[in-house]
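Notes for the structure review
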Amino acid sequence: MTAELIARCRAGDADAFRELVEPFRRELLVHCYRFLGSMHDAEDALQETLFDAWRGLSAFEARSAVRTWLYRVATNRCLKVLRAASRRPRMAIPGTSAAELELPEPSAHGEVVWLEPCPDVLLDGVPDTAPGPEARNESKQAISLAFVTAVQLLPPRQRAVLILRDVLGYRAADVAEFLDTTEESVTSALKRARAGIRAQTPRFGATQPPSPPDSPCERELVDGLTRAFESGDVDGVVALLADDVRLTMPPLPVEYLGREAVTRLLAAVLHRITSYRLVVTRANSQPAFGVYLLDRHTVTWRATGLLVLTLAADRIAAVTRFENSHLPRFGLPRTLPSDH
């Protein structure tokens, strides 16, 4: 059946090509997201990947599986995106509702301001088993914000090798073919990439696999944060945080590190405006919330952002606040009725 589809594709049958690649679309999107850390960039890279694959069908000799070939095309497309991005001027940071507040002095300046959340609904279409047998990271662990953020700080070639070897499980020989290099180069790059990930992930929150979405610990933290946040209870929120909690707000280049710094920020937000509503969702295999602020003129709840929690044991290790422009990807509305 696959050989027949490929033959039809080579004859110019666009419907056959869609049938050929559709089973892999979601996992390729997730692959591009891991590489680029941005859903917007990942969606663009996926479209370019499919275009590259369509144009390159004549070079596909069917010696490898269609999935492997598509991963190779996607990997090289992502590397091209990264090379192009390195030559682009730094993106101007847009105005945000968070920026309108008088934020306290941050502890540090963020490095990965392009980071965006990935809706868990996309992960439902990704196979649990990696294409290769040598994966070291489970797919859900390798989509966590801590992992994705740390990956963004690796050089492009190391990033490619780490994802292909440790997340997707491809053999060193396969990766060398993907990247048109030697196995020795792949082995060396992987060693450096693993060291880089070990050094970086503790900065960004928990490193263990995410807890199940219905675990008692997670439910308790989600319920506790919802009650405290909606009532403007700063102390109640702080009681749920780890001592070394980290709060970031991409695309704003600010970081608040530790309970004291995060408490100052929460006081600035919750003491000024106490009419919030939180709507539970999930991002990057982590608990998340759509955040809504009461508009007293229209008596509706207006979306103001997305919070993603990173959990460690029975505490919140990191909080990442994203812009409200991401809510549509999560099926969340821009406004809620006043009786919500």
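It should be noted that the structure appears before, not after, this text.
Residues numbered from 1 in each chain as written. Predicted model: local features only at pLDDT ≥ 70, side-chain atom pairs only at ≥ 80, totals over all residues. Heavy atoms only, no water.

**Topic: the overall build of the protein**
Inclusion rule: By the criteria applied, helices consist of DSSP H or I runs no shorter than four residues and strands consist of E runs no shorter than two, each listed in order from the N terminus. Buried residues are those whose accessible area, probed at 1.4 Å on protein chains only, stays under 20% of the maximum for their type, while exposed residues exceed 50% and partly exposed ones sit between those limits. The contact rule is simple, with two residues in contact once any of their heavy atoms fall within 4.5 Å. With residues, only the protein chains shown are counted as cover, and all accessible areas are computed by Shrake-Rupley using a 1.4 Å probe.
When helices and strands are counted, the protein shows 14 helices and seven strands. When burial is assessed residue by residue, the protein has 52% of its 340 residues classed as buried. Sequence-distant contacts, at least 24 apart, represent 67% of the contacts inside the protein between residues at least 6 apart. Carbon and sulfur atoms form 51% of the exposed surface of the protein, whose accessible area is close to 16100 Å².

**As for the side chain of glutamine 152**
Here is the rule we go by: For this analysis, a polar contact is any N or O atom pair within 3.5 Å, provided that within protein one partner can donate a hydrogen and the other can accept it, and provided that sequence-adjacent residues contribute only side-chain to side-chain pairs.
Among the structural elements, glutamine 152 can be located in helix H8 (residues 145–152). A polar contact is formed between the side chain of glutamine 152 and the backbone oxygen of arginine 34, at a distance of 3.1 Å. A polar contact of 3.2 Å, which involves the side chain of glutamine 152, links it to the side chain of tryptophan 114. Aside from chain neighbours lying at most four places away, what touches glutamine 152 is Arg34, Phe35, Leu36, Gly37, Val112, Trp114 and Arg159.

**Let's talk about helix H11 (residues 183–200)**
Selection criterion: Expected span of a helix: the number of residues minus one, times 1.5 Å. Taking the helix axis as origin, the arc is that swept by the directions to the C-beta atoms.
Here H11 is 18 residues long and its end C-alpha atoms lie 26 Å apart, about the 26 Å a rise of 1.5 Å per residue gives. Within the span of H11, buried status applies to Val186, Ala189, Leu190, Ala193, Gly196 and Ile197. Looking straight down H11, one finds that the buried residues subtend no more than 130° of arc, so they occupy a single side. Turned more than 90 degrees off the buried face of H11, the exposed positions are Glu184, Lys191, Arg198 and Ala199. On its buried face, H11 sits against H8, helix H9 (156–167) and helix H10 (172–179).

**Re the pairing of strand E4 (residues 286–295)**
Formally: Note: two strands are recorded as paired if DSSP finds a minimum of 2 bridges between them.
Burial within E4 is extensive, with eight of its 10 residues counted as buried. Pairing between strand E3 (residues 276–283) and E4: eight bridges, direction antiparallel. Residue pairing for E4: tyrosine 276 is matched across the bridge by leucine 293. Between E3 and E4, which pair antiparallel and follow one another directly, the connecting turn spans two residues, one of which, asparagine 284, has a positive phi of 55°.

**Description of empty space enclosed by the protein**
As a reminder, the rule being used: Residues are called lining when one of their atoms sits within 4 Å of a cavity or pocket point, these points coming from a 1 Å grid over the protein atoms alone, where a cavity is a set in which a 1.4 Å probe fits but cannot get out and a pocket is an open set with protein on both sides within 12 Å along at least five of seven lines. Grid points are joined across faces, edges and corners, and a volume is the space filled by probe spheres set on the points.
For the structure on display, the rule yields two cavities of 30 Å³ or more. Computed from the structure, the largest cavity encloses a volume of approximately 190 Å³. Val112, Leu115, Thr149, Arg246 and Thr248 are the residues nearest the centre of the largest cavity, which is lined by 22 residues in total. Those elements giving two or more residues to the lining of the largest cavity turn out to be H8, strand E1 (241–249), strand E2 (252–257) and strand E6 (315–322). The leading source of residues in the lining of the largest cavity is E2, at four residues.

**Structural notes on the nonpolar core**
Formally: Among the buried residues, those of types Ala, Val, Leu, Ile, Met, Phe, Trp, Tyr and Cys that are joined through side-chain atoms within 4.5 Å form a nonpolar core.
Formed by 79 residues in total, the largest nonpolar core has its most connected members in Tyr33, Phe35, Val66, Trp69, Leu70, Leu162 and Tyr292. With nine residues, the single largest contributor to this core is helix H5 (residues 66–85). Grouped together as the second largest cluster of nonpolar side chains are 32 residues, Val234, Tyr276, Phe289 and Leu309 included.

**Focus on the environment of asparagine 324**
Checked against the element boundaries, asparagine 324 lands in the loop between E6 and strand E7 (335–336). A residue is classified by how much of its surface remains accessible, and asparagine 324, at 24% relative accessible area, is partly exposed. When the C-alpha atoms of asparagine 324 and arginine 302 are compared, they prove to be 9.5 Å apart, with 22 residues separating the residues in sequence. In contact with asparagine 324, other than residues within four places in its own chain, are Ala303, Thr304, Gly305 and Arg334.

**What to know about the packing of aromatic side chains**
Definition in use: Here is the rule: rings of Phe, Tyr and Trp (six-membered ring for Trp) pair when centre to centre is within 6.5 Å. Planes less than 30 degrees apart are stacked, more than 60 are edge-to-face, and the remainder are tilted.
With the rule as written, the count across this model stands at five aromatic pairs. Aromatic pair tyrosine 71 and tyrosine 170: ring centres 6.2 Å apart, planes at 65°, arrangement edge-to-face. Here tyrosine 71, found in helix H5, pairs with tyrosine 170, found in the loop between H9 and H10; they are 99 residues apart in sequence, far enough to count as distant. The two residues tyrosine 71 and tyrosine 170 agree in class, both being buried. Summarising the aromatic geometry, the rings of phenylalanine 229 and tyrosine 276 are spaced 5.2 Å apart at their centres and angled 65° between planes, so their arrangement reads as edge-to-face.

**So, the packing of H9 against H11**
Heads up, the rule is: Here, axes are lines fitted to C-alpha atoms. For helices the fit covers the stretch in contact, and angles between N-to-C directions go from 0 to 180 degrees. Angles are sorted into four bins: roughly parallel if under 35 degrees, roughly antiparallel if over 145, roughly perpendicular if 65 to 115, and oblique for all others. Residues are grouped as follows: Ala, Val, Leu, Ile, Met, Phe, Trp, Tyr, Cys and Pro are nonpolar; Asp, Glu, Lys and Arg are charged; all remaining types, including Gly, are polar.
H11 packs onto H9 with a crossing angle of 90° between their chain directions and a minimal axis gap of 8 Å. As summarised for this structure, H9 and H11 are arranged roughly perpendicular, according to the angle between their axes. Seen from H9, the contacting residues are Gln158, Val161, Leu162, Arg165 and Asp166; seen from H11, they are Val186, Ala189, Leu190, Arg192, Ala193, Arg194 and Ile197. Residue composition of the contact of H9 with H11, grouped by class: seven nonpolar, one polar and four charged.

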